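Residues per chain, in single letters:
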Amino acid sequence: MDILKELQPIFQDVFDDESLVITNKTCSADIEDWDSLAQIRLVVAIEKQFDIKLNFSDLQNASNVGDMVQLIQSKKA
Amino acid sequence: MENSLQLLKEELLRIFGAGTNERNSRQTAVLDAFAHVDNDLATIMERYIDIAQKNGDTLPFMAESYAFFLDETEKESLFFYQEGHYRYSTLEEVVHQVYANETYMKKYMTGLAISLLLWPQHKQFFVFFHTFLHEHCKRKHAYLEIGAGHGIFCSEAMREGGFSRYDIVDISETSLALTKKMTAEFIDTHEIRFIHADFLQFESEERYDVISISEVLEHVETPQEFLDKSRKLMKDDGRLYLTTCINAPEIDHIYLFRTIQEVEDLFASAGLGIDEKLYVPYKNTTIARSERQKLPINVAYILKKI
């Protein structure tokens, strides 16, 4: 499973930007509209996409997309 | 900036982790808001802080209440995006959880009052309301406010509006108590009635020049009934100041408006026309995108009988 690849359309949808490209190093400082509401919408979209349950704090503790990928991997294991 | 606002800013930054290596979005929002404080709003918020402190509230309590308000908003937002609807849908549920819970209401209303200073849409609405009072309300007789909440808006109506009579109706005793404190300076000079009631049960022979329903429609089960009754209580040349929100989860929001059109259809059905309006989409978005992505939209209107 290429989690980063599956996260791309989620980020593009949440931030309404089809040209957005994320990497493992992408963090909230890199995307202007990445606020707490965007974080919530990412949580919900990720839960649905990967069929996992996240606590809001799980993602708050993730400092970049790479941490999110590892978190998703751990939930799917 | 006056001292009380500066001290409040420092308390907010302290709570949101100022001094750590990484600045978070809450700190940024506080710094941005305080960098662009309108003079009139600053005066009003200093007055609010002064009154609150005289009534025993501390600046740390105010800052903690605002943090609480943000936490509750995030919790309800998570629920909303997971489930597609607000958590509660009946008045009974929120009376029990919120309005009859004095401790919760005190923190909630205090946090909401602080958001007037920090949330762009609340600031814009305050300016809209102030302008309306200045331009339309001199030498008018009767003012009715439903859902006074923290009391800031009706205190400004008393200060600026020049009405002969003020009726303030709220379903929450805690809100009425807060409002009485906010308006204490006007008790001896203005004719004011504070009425603890569900507006739908409120009876009055009075017909009002101005009715204010600010952030109320989303808190009621039957907004159409609410508007129908409001229209009956308006003078023929009266005005209704109304604000509400779309896709905006809070713990006591029970009626979900999904589009602006849904709101404006209710006005038409109630025989109310739009004199003025202000739409505030979610920051850095458009109305179209906010509706499509179910992001919060705030709307304000001056309505008249048609």
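Predicted model, so just to flag it, every value in this text is computed and none were measured. (Residues numbered from 1 in each chain as written. Chains lettered and ligands numbered in written order. Predicted model: local features only at pLDDT ≥ 70, side-chain atom pairs only at ≥ 80, totals over all residues. Heavy atoms only, no water.)

Some words on the overall build of chain B
How we decide: Put simply, DSSP H or I for four residues or longer makes a helix, DSSP E for two residues or longer makes a strand, and each gets a number counted from the N terminus. For this measure, only C-alpha atoms enter the radius of gyration; the expected value for a globule follows 2.2 Å times N^0.38, where N is the number of residues. Only protein chains enter the area calculation, which uses a 1.4 Å probe; residues under 20% of their type maximum are buried, those over 50% are exposed, and those in between are partly exposed. Residues count as neighbours in contact if any of their non-hydrogen atoms are within 4.5 Å of one another. Residue exposure ignores everything except the shown protein chains as possible cover, and the areas themselves are Shrake-Rupley values with a 1.4 Å probe.
Counting its secondary structure elements, chain B contains 12 helices and 7 strands. Its C-alpha radius of gyration of 19 Å places chain B within 12% of the 19 Å reference for a compact globule of 306 residues. Principal-axis analysis of the C-alpha atoms places the extent of chain B at approximately 60 × 45 × 35 Å. Across the 306 residues that make up chain B, the buried fraction comes to 56%. If you take every contact in chain B between residues at least 6 apart in sequence, the share linking residues at least 24 apart comes to 75%. Carbon and sulfur atoms make up 48% of the accessible area of chain B, which amounts to about 13,100 Å² in all.

So, the pattern of salt bridges
All names here are of chain B. To keep it simple, the criterion reads: Salt bridges are identified by distance alone: a Lys or Arg side-chain nitrogen within 4 Å of an Asp or Glu carboxyl oxygen.
Tallied over the full model, the rule gives 22 salt bridges over all chains. Across the pair Asp50 and Lys54 runs a salt bridge whose closest N-O atoms are separated by 3.1 Å. On the criterion of helical spacing, the pair formed by Asp50 and Lys54 is a turn pair, its members being 4 residues apart in helix α3 (residues 39–54). By relative accessible area, Lys54 is classed as exposed at 66%. Notably, a salt bridge pairs Lys304 with Asp275, separated by 3.4 Å at the nearest N-O pair. Here Lys304, found in strand β7 (residues 297–305), pairs with Asp275, found in strand β6 (residues 272–280); they are 29 residues apart in sequence, far enough to count as distant.

Digging into the pairing of strand β2 (residues 165–170) of chain B
Residue and element names in this part refer to chain B. Our working rule: Pairing between strands requires that DSSP locate at least two bridges from one strand to the other. With strands facing away from the observer, any crossover in which the path from the first strand over the helix to the second runs clockwise is taken as right-handed.
Where burial is concerned, most of β2 is hidden: 6 out of the 6 residues are buried. Neither face of β2 is exposed, since Arg165, Asp167 and Val169 on one face and Tyr166, Ile168 and Asp170 on the opposite face are all buried. Note that strand β1 (residues 142–146) and β2 share 5 bridges and pair parallel. Across the sheet, the residue bridging to Ala142 is Arg165, located in β2. Once you follow β2 into helix α9 (residues 173–182) and on to strand β3 (residues 191–196), the crossover reads as right-handed.

Observations regarding the interface of chain B and chain A
The condition that has to hold: The term buried area refers to how much accessible surface (probe radius 1.4 Å) is lost by two components on association, counted for both of them together. Throughout this description, a polar contact denotes any pair of N or O atoms lying within 3.5 Å of each other; where both atoms belong to protein, one of them has to be capable of donating a hydrogen while the other can accept it, and for residues adjacent in sequence the pair is counted only when both atoms sit in side chains.
Each partner contributes to the interface: chain B provides 14 residues, whereas chain A provides 18 residues. Of the roughly 1,400 Å² buried between chain B and chain A on both sides combined, carbon and sulfur atoms contribute 50%. Here chain B is connected to chain A by 3 salt bridges. A salt bridge links Arg292 of chain B to Asp16 of chain A, with the shortest nitrogen-to-oxygen separation between them at 3.2 Å. Here chain B and chain A share 8 residue pairs in polar contact (both at pLDDT 80 or more) between them. Where the side of chain B that touches chain A is concerned, the elements lending two or more residues are α4 (59–83) and α12 (287–292) of chain B.

Things to note about the sheet that holds strand β4 (residues 208–214) of chain B
Residue and element names in this part refer to chain B. Short version of the rule: What counts as an axis is a line fitted to C-alpha atoms, over the stretch in contact for a helix, and the angles between N-to-C directions run from 0 to 180 degrees.
Read from one edge of the open sheet, 7 strands run β3-β2-β1-β4-β5-β7-β6, paired in mixed fashion. On the outer flanks of this sheet lie β3 and β6, each paired with one strand and no other. Across the sheet, the axes of successive neighbouring strands diverge by a mean angle of 15 degrees, strand direction being ignored. In the packing of helix α7 (residues 120–136) onto the sheet, the strands contacted are β1, β4, β5 (234–246), β6 and β7, and the crossing angle to β6 comes to about 145 degrees. Against the sheet, helix α8 (residues 152–160) makes contact with β1, β2, β3, β4 and β5, and its axis sits at roughly 170 degrees relative to β1, the strand it touches most.

Side note on the confidence of the model for chain A
Basically, it comes down to this: For every residue, the predictor reports its confidence as pLDDT, a number between 0 and 100.
When pLDDT is averaged along chain A, the result is 91; 99% of the residues meet or exceed 70. Highest mean pLDDT in chain A belongs to helix α1 (residues 3–14) of chain A (96); lowest belongs to helix α3 (residues 56–60) of chain A (73).

Some points on the packing of aromatic side chains
Residues and elements named next belong to chain B. Here is the rule we go by: We call Phe, Tyr and Trp rings a pair once their centres come within 6.5 Å, taking the six-membered ring for Trp, and we label the pair stacked below 30 degrees between planes, edge-to-face above 60, and tilted otherwise. Here, a charge over a ring is recorded when the distance from Lys NZ or Arg CZ to the ring centre is within 6 Å and its angle to the ring normal is within 35 degrees.
Applying the stated criterion to the full structure yields 24 aromatic pairs over all chains. Among the aromatic residues, those joined into a cluster by ring pairs are Phe126, Phe128, Phe129, Phe132, Phe153 and Tyr241. In this structure, Lys107 packs its charged tip against the face of Phe68, placed 4.2 Å from the ring centre. Between Lys229 and the ring centre of Phe199, over which it is positioned, the NZ or CZ distance is 5.2 Å.

Brief notes about unusual backbone geometry
Here the phi dihedral of Asp51 of chain A falls at roughly 55 degrees; this positive angle occurs in a residue that is not glycine. Judged by relative accessible area, Asp51 of chain A falls into the exposed class, the value being 68%. We note that Lys294 of chain B has phi near 55 degrees; this positive angle belongs to a residue other than glycine. Within the fold, Lys294 of chain B resides in the loop between α12 and β7.

Re the pairing of β7 of chain B
Residue and element names in this part refer to chain B. Of all the 9 residues making up β7, 7 are buried; the element is thus mostly covered by neighbouring parts of the structure. Bridging between β5 and β7 involves 7 bridges; their strand directions are antiparallel. Bridging across to β7, Ile246 finds its partner in Ile297. Relative to β7, β6 is paired through 8 bridges, and the arrangement is antiparallel. Following the sheet pairing, Lys277 is matched in β7 by Tyr301.

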